[in-house]
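Summary of structural features
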Amino acid sequence: MRKKIICIVLSLLLLLGLVGCDDKAVGNSYDIFYLNLEMTKILSESHQISVSNDNPEEVVSELLNLLKQSPDDSDLRKTIPDNIKIYSIKEDSGIVIDFSEEYKELLPTEEVLIRAAIVRTLSQIKNYSYVSFLVEGEPLTNQDGSLVGYMDQASFVENPGKQINSILQKNLTLYFAD
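To start, this report covers the structure provided alongside it. Residue positions are given per chain, counted from 1 along the sequence in the order it is written. Only residues with pLDDT of at least 70 get local features here, since the model is predicted, and only at 80 or more are side-chain atom pairs given and counted; chain-wide, interface and lining totals rely on the full set of residues. Hydrogens are left out, water is left out, and the side-chain values use all remaining heavy atoms of the structure.

**A few points about the packing of helix H2 (residues 56-68) against helix H3 (residues 108-122)**
In this description, a line fitted to the C-alpha atoms serves as the axis of each element, helices being fitted only across the stretch in contact, and the angle between N-to-C directions of two axes falls anywhere from 0 to 180 degrees. In DSSP terms, a helix is any run of H or I states spanning at least four residues, a strand is any run of E spanning at least two, and both are numbered starting from the N terminus. For the pair H2 and H3, interaxial distance at closest approach is 10 Å and the crossing angle is 145°. The element H2 and its partner H3 pack so that their crossing is right-handed. Packed against H2, whose contacting residues are Val 60, Leu 63, Leu 64 and Leu 67, the element H3 presents Ile 118, Thr 121 and Leu 122 at the interface. For the contact of H2 with H3, the class distribution of residues is six nonpolar, one polar and no charged. The hand of a helix crossing depends on one turn: near helix anticlockwise from the far one by less than a right angle means left-handed, and clockwise means right-handed. Here, residues are in contact when the closest pair of their heavy atoms is within 4.5 Å. Each residue gets one of three labels, nonpolar for Ala, Val, Leu, Ile, Met, Phe, Trp, Tyr, Cys and Pro, charged for Asp, Glu, Lys and Arg, and polar for the others, Gly among them.

Quick look at the structure:
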């Protein structure tokens, strides 16, 4: 009888110890956003990072390294291609990332999805309110030449449809007053 009670108490203590370990790991868990293979949307995988949340610069570097690596899910592709180099990361109240010239060679759809994945990943860090991009030290511009500027999670709209250009059609009856 005593052995059973001792085993139950030890099991409960072990269980409480494991629950405490899980709580610490959750604080270092981030969603890393990757592109799907068709390059039509971004999806996330949860990752535990090895650096402390107390040092935001190290968190930024760790998250960018994860974006350069292949995801665990084989239906996803890495966010930052191998040929694109990151020269510098400057931080004050936001994150400014300087990419190599190869960033300009991305297809327009791919570039927007990569930008959205990076912004959605990095905007989870509490100390920073925006993300901005440079290419070879120059501010990133759209195809029409306008500046992209500062971005946060609200800068991108999630498409609820299955395709990137999904259209909903509905017949309506309109009534006009004379």
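That shown, we press on.
**Topic: H3**
Expected helix span is computed as 1.5 Å times (number of residues minus one). Along its 15 residues, H3 runs 21 Å from first to last C-alpha, staying within 8% of the 21 Å computed at 1.5 Å per residue. For H3, the buried fraction is high: 11 of the 15 residues fall into the buried class. Accessibility here uses a 1.4 Å probe with only protein chains present; expressed as a share of the type maximum, an area under 20% marks a residue as buried, one over 50% as exposed, and anything in between as partly exposed. When we look at burial in H3, the residues that qualify are Glu 110, Glu 111, Leu 113, Ile 114, Arg 115, Ala 116, Ala 117, Ile 118, Val 119, Thr 121 and Leu 122.

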